[in-house]
Amino acid sequence: MIAAPSSNAGKTSVATGLLAALTARGLTVSPHKVGPDYIDPGYHGLAAGRPGRNLDPWLVGEERIAPLLLRGALHPRPADVAVIEGVMGLFDGATHPSVEPGFSSTAHVAGLLRAPVLLVVDASSQARSVAALVHGFATFDPGVRLGGVVLNRVGSDRHEAILRDALAAAGVPVLGAVRRMEQLHTPSRHLGLIPAAERSDAALATVRRLGEVVAASVDLDAVLALARSAPPLDAVPWDPAAEVAPAPGRPRIAVAGGPAFTFGYTENTELLEAAGAEVVVVDPLRDEHLPPGTAGLVVGGGFPEVHAAELSANASLRADVAALAARGAPVAAECAGLLYLGRELEGLPMCGVLDVATAMSPRLTLGYRAAVAVTDSVLAPAGTRVRGHEFHRTHADPPAGAPGAWRWSATGPEGFATGGVHASYLHLHWAGSPQLASRFVTACARRSENVRAHR
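Let me sum up the structure you'll find in this document. (Residues numbered from 1 in each chain as written. Predicted model: local features only at pLDDT ≥ 70, side-chain atom pairs only at ≥ 80, totals over all residues. Heavy atoms only, no water.)

### Looking at the layout of surface pockets
Alright, step 1. Of the volumes computed, that of the second largest pocket is approximately 820 Å³.
Alright, step 2. Those elements that provide at least two residues to the lining of the second largest pocket are α2 (39–48), α8 (196–199), β10 (252–256), α12 (266–274), β12 (294–299), β13 (331–334) and β20 (421–424).
Alright, step 3. When residues in the lining of the second largest pocket are grouped by element, the largest group, five residues, is from α2.
Alright, step 4. For the lining of the second largest pocket, the class distribution of residues is 24 nonpolar, 15 polar and two charged. (1 Å grid on protein atoms, 1.4 Å probe; cavity = no way out; pocket = protein on both sides within 12 Å on 5 of 7 lines; lining within 4 Å. Points joined across faces, edges and corners; volume = space filled by probe spheres on them. Helix = DSSP H or I, 4+ residues; strand = E, 2+ residues; numbered from the N terminus. Nonpolar A, V, L, I, M, F, W, Y, C, P; charged D, E, K, R; others polar.)

### Structural notes on the packing of helix α6 (residues 129–139) against helix α7 (residues 157–170)
Alright, step 1. Put simply, α6 and α7 touch, their axes get as near as 8 Å, and they point 40° apart. Of the possible angle classes, the one that applies to α6 and α7 is oblique. As α6 runs across α7, the sense of the crossing is right-handed. Contact residues: V130, A131 and V134 in α6; L163, A166, L167 and A170 in α7.
Alright, step 2. Its residues assigned to classes, the contact of α6 with α7 shows seven nonpolar, no polar and no charged. (Axes fitted to C-alpha atoms, helices over the stretch in contact; angles between N-to-C directions. Parallel < 35°, antiparallel > 145°, perpendicular 65-115°, else oblique. Left-handed = near helix turned anticlockwise from the far one by under 90°. Contact = heavy atoms within 4.5 Å.)

### Brief notes about empty space enclosed by the protein
Alright, step 1. Per the counting criterion, the structure on display carries two cavities of 30 Å³ or more.
Alright, step 2. Roughly 40 Å³ of internal volume is contained in the second largest cavity.
Alright, step 3. Residue lining of the second largest cavity: A256, V282, P284, L290, L297, V299, L317, V321 and Y340, and that is the complete set.
Alright, step 4. Classifying every residue of the lining of the second largest cavity gives nine nonpolar, no polar and no charged.

### Digging into the pattern of salt bridges
Alright, step 1. Enumeration over the complete set of coordinates arrives at 15 salt bridges.
Alright, step 2. With a closest N to O distance of 3.1 Å, K33 and D40 form a salt bridge. You'll find K33 and D40 in the same group, each marked buried.
Alright, step 3. Linking R209 and E212 is a salt bridge whose minimum nitrogen-to-oxygen distance equals 3.4 Å. With R209 and E212 both in helix α9 (residues 201–217) and three residues apart, this pair spans about one turn of that helix.
Alright, step 4. Relative accessible area serves as the criterion here: at 43%, E212 is assigned to the partly exposed category.
Alright, step 5. One salt-bridge network, in which partners are shared between bridges, spans R53, R71, E267 and E270. (Salt bridge = Lys/Arg side-chain N within 4 Å of Asp/Glu carboxyl O. Buried < 20%, exposed > 50% of the residue type's maximum accessible area, 1.4 Å probe, protein only.)

### Some remarks on the packing of aromatic side chains
Alright, step 1. Enumeration according to the criterion identifies seven aromatic pairs in this entry.
Alright, step 2. Note on F261 and Y340: the rings are 5.6 Å apart at their centroids and 65° apart in plane angle, and the pair reads as edge-to-face. With F261 in the loop between β10 and α12 and Y340 in helix α15 (residues 336–341), this residue pair connects regions lying 79 residues apart in the sequence. The pair formed by F261 and Y340 is uniform in burial state, with each residue classed as buried.
Alright, step 3. Each residue in the set Y38, F263, Y265 and F303 is aromatic and connected to the rest through ring pairs, giving one cluster.
Alright, step 4. Geometry around W58 places R387 over its ring, the cationic atom sitting 3.9 Å from the centre. (Phe/Tyr/Trp six-rings, centres within 6.5 Å; stacked < 30°, edge-to-face > 60°. Lys NZ or Arg CZ within 6 Å of the ring centre and 35° of its normal.)

### A look at the sheet that holds β10
Two modes of strand pairing occur in sheets, parallel and antiparallel, and in both the strands are linked by backbone hydrogen bonds.
Alright, step 1. Spatially, β11-β10-β12-β13-β20-β19 is the arrangement adopted by the six strands of the open sheet, whose pairing is mixed. With partners counted over all chains shown, the strands left at the sheet margins are β11 (278–282) and β19 (416–418), one partner each. Strand-to-strand twist across the sheet, computed as the mean angle between neighbouring axes with direction ignored, equals 15°.
Alright, step 2. Pairing geometry for β13 and β20, over four bridges, is parallel. Looking at the pairing, A332 lines up with H422 of β20.
Alright, step 3. On the sheet, α12 packs against β10, β11 and β12 and is oriented at approximately 140° with respect to β11.
Alright, step 4. Along the sheet, helix α14 (residues 315–326) contacts β11, β12, β13 and β20; its crossing angle with β12, the most-contacted strand, is approximately 110°. (Pairing = 2+ DSSP bridges.)

Encoded structure:
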């Protein structure tokens, strides 16, 4: 587990570099991320050559954390080591009245997996005080095993020597020291790092350089020894085929991808396929039409606001999406998908499936949500309880239809559930609610059967 005392300590750079360095050694590495974030796993996937997977007890339940880790570590082929990047500070978790403090934190997940922790410390503005900081993190929770430290943003040989001497007295091994290198800065914007899929060659170059830096600055043999000290997991690997039953007819479901729609959990697609669907990726920036025979559409999260002009210019695909929804085909949209289905985004025409205008907002909306389905939809029957998260800096006018999709606060319903369309700002990890995938694919199968029956 790669953790840090706080956000912005450099744990994403160290975790990504470690993944790349170990992969360059010829090891098969399984990348994972604590929390709901979609962007870091994209860089992890570039570094390791296999999908980065999220481990979030809020979204999927504590009981699924070890099985999901094992799924990633064994699929598509067995890995030699799993590297997990934490979230925020080591002990920072969900702030929700339904759970105890620290729930879904890095420490919580490390405890569930009995994984040793490698603490990334930003040493740029401290010297001997680093020992007090690390001592506090090592002793705060007896259930967390701090196995070593990587010093980040070290200024000089002298600075490194002072830090190492201080930590030696504290009894915590230093497994690496990374110098300050501003040229490795990863570009950010309004929701954090720019997704790897958008940066293309630049992202690959950054990941490769991070791997070189970590290989030269971190004792990889000591890190692997620390990883081998983790006890065996008493769990069965998560299997999507055990969660859902396949619907008949193998309906074709288009899933939005490409640079504008980069937010999606790997398990969601695996569940769609296990539930009997043929999944085909469509890029709304490039593809002019939906795949022939499309029975349903899933449009997840991403940054359509950044690509609004290009999305709007692809009028033929927008018309296909509108026609699909008008025929009553199942359409599930989350966050960015809601923006795409609306009437307009930042004044530019979108699909017009929903009579909604969306635009950028000065306020960031962020947090975990415990939601209840307001009405029957292609995703869930009324009353279904789910756990998800919001993460956006846009707003919709109106914010909800009648009766809406979900409710999680006293302010009223959120989202839209009308006909075959379900659109909301709420992000969901379907491994926590696999019945969503099963219901959606079944609806698509019925739609396909009805179409064939009327030909």
